[in-house]
Amino acid sequence: MVKDITIGQYFPGQSVIHRMDPRMKLVLTLFFIIFIFVCHNFWSLGLMVLALGVTVALSRISIRTILRGIKPVVIIILFTAILNVLYIRSGDLLFDWRFIHIYSGGVYTAIFMVIRILALIVASSLLTYTTSPTLITDAIERLLSPLKFMRSGVHTIAMMMTIALRFIPTLIEEFDKITSAQKARGADLETGNILERTRALIPVFIPLFITSFRRAYELAYAMECRCYHGYEGRTRMRQMKLEARDYVALLLVVAVLAGIILLNHFFGRLV
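Residues numbered from 1 in each chain as written. Predicted model: local features only at pLDDT ≥ 70, side-chain atom pairs only at ≥ 80, totals over all residues. Heavy atoms only, no water.

Two faces make up the sheet, and in a regular strand the side chains alternate between them. The pairing of strand 1 (residues 93-97) with strand 2 (residues 100-103) spans four bridges and is classified as antiparallel. Its bridge partner being in strand 2, Leu93 is matched across the sheet by Tyr103. Remark: two residues form the turn of the hairpin made by strand 1 and strand 2, two consecutive strands paired antiparallel; Arg98 in that turn has positive phi of roughly 55 degrees. (Pairing = 2+ DSSP bridges. Helix = DSSP H or I, 4+ residues; strand = E, 2+ residues; numbered from the N terminus.)

What follows is the structure in structure tokens.
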């Protein structure tokens, strides 16, 4: 399950989405996430899913990769769906047995929430799939540049966020190595109740924390040895410039928002 976590990974490519300006991708991703919560019925949510499907197709990211990113949160999604089914009591009664009462409103809301969560995961994952950590750092720094007059460390904030995102795959790989080493020594990590399995993970998390702090120290030491001083005097190999495809993408997102507003108005509110 840990190997299936793909957040923070970058898949190089030459698709239209890969070649978009990272600043525009960041802004549109935020808009996309906000628009998902603006959807109040299946018609408007369907429009968002359609737009997301087109984006995935243009990015040329394989469906297998998308599904791998969803797999680790399947339990959370199912738990959310079950809660909605059991606790929302609106609409027609579909099932009644002892303390279990299932209504049509609960089923519709559960399906709606599942689709919404899946869309959120895919939309946010596409940003890291199609944008390298360096470009994400530069994009965050450029977008937060108006805060420089407040003497805030914009570059430091952007660098911290990107390093944290970049090391997620590294920590996952390290966790898998330590787990395999502990199993080779006879550790039982897969049997017993929840408390026993949690206690069995202590020999895994302790060396993971130690190696994480060691790696952080080595990274800081390497940056100091290379005379890294952050934003001061720093130049960029790639200069960001908005092109026609970025403005077209912005117009399409505005059109999707207009469609969502109209569909919400004509078909009413589900949630």
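What follows concerns the pattern of salt bridges. Going through the model one piece at a time under the given rule, you end up with four salt bridges. For the salt bridge of Glu173 with Lys177, the shortest nitrogen-to-oxygen distance reads 3.7 Å. Of the two residues, Glu173 and Lys177 both sit in helix 7 (residues 154-184), four residues apart, roughly one turn of that helix. By relative accessible area, Glu173 is classed as partly exposed at 46%. A salt bridge links Glu174 to Arg215, with the nearest nitrogen and oxygen atoms 3.4 Å apart. Separated by 41 residues along the polypeptide, Glu174 in helix 7 and Arg215 in helix 9 (residues 202-225) bring together distant segments of the chain. (Salt bridge = Lys/Arg side-chain N within 4 Å of Asp/Glu carboxyl O. Buried < 20%, exposed > 50% of the residue type's maximum accessible area, 1.4 Å probe, protein only.)

When the domains of the protein chain are assigned, the result is domain 1 (2-144 + 240-266) and domain 2 (154-225). Inter-centroid distance (C-alpha atoms) of domain 1 to domain 2 is 28 Å. In this complex, domain 1 contributes 13 residues to the contact, which on the side of domain 2 involves 13 residues. For the pair domain 1 and domain 2, the two sides together bury roughly 1,200 Å², of which 80% comes from carbon and sulfur. The interface formed by domain 1 and domain 2 holds zero salt bridges in total. When residues of the side of domain 1 that touches domain 2 are assigned to their parent elements, the largest contribution, five residues, is made by helix 6 (residues 133-143). Split into classes, the residues belonging to the side of domain 1 that touches domain 2 amount to seven nonpolar, four polar and two charged. (Domains from an automatic or database assignment. Contact = heavy atoms within 4.5 Å. Buried area = accessible area lost by both parts, 1.4 Å probe. Nonpolar A, V, L, I, M, F, W, Y, C, P; charged D, E, K, R; others polar.)

Here Asp246 is to be found in helix 10 (residues 244-267). The side chain of Asp246 sits in the buried core without any salt bridge; Arg245 is the nearest counter-charge, 4.9 Å away. A polar side-chain atom of Asp246 sits 2.8 Å from the main-chain amide nitrogen of Glu243. Residue contacts for Asp246: discarding those within four places in its chain leaves Met20, Asp21, Met24 and Lys241. (Lys, Arg positive; Asp, Glu negative; His and termini not counted. Polar contact = N/O pair within 3.5 Å; in protein donor to acceptor, adjacent residues only side chain to side chain.)

Where the residue is not glycine, phi is negative for most of them; where a peptide bond is considered, it is trans in most cases. If you check the backbone angles, Arg60 has positive phi at about 60 degrees while not being a glycine. For Arg60, the position within the fold is in the loop between helix 2 (42-59) and helix 3 (63-70). For Arg60, a relative accessible area of 68% gives the class exposed.

So, on to the packing of helix 2 against helix 10. Contact geometry for helix 2 and helix 10: axes closest at 8 Å, N-to-C directions at 160 degrees. Put simply, helix 2 runs roughly antiparallel to helix 10. As helix 2 runs across helix 10, the sense of the crossing is right-handed. Contacts between helix 2 and helix 10 involve Trp43, Ser44, Leu47, Met48 and Ala51 from the first element and Val256, Gly259, Ile260, Leu263, Asn264 and Phe267 from the second. (Axes fitted to C-alpha atoms, helices over the stretch in contact; angles between N-to-C directions. Parallel < 35°, antiparallel > 145°, perpendicular 65-115°, else oblique. Left-handed = near helix turned anticlockwise from the far one by under 90°.)

This part takes up helix 10. In a regular helix each residue adds 1.5 Å, so 24 residues correspond to 34 Å; helix 10 covers 34 Å between its end C-alpha atoms and thus fits that length. Three or more residues of helix 10 are buried, namely Asp246, Ala249, Val253, Val256, Gly259, Ile260, Leu263 and Asn264. Buried residues along helix 10 sit in contact with helix 1 (22-38) and helix 2. Downstream of helix 10 by a residue or two, Gly268 has a phi angle that is positive, lying close to 80 degrees. (Expected span 1.5 Å × (residues − 1).)

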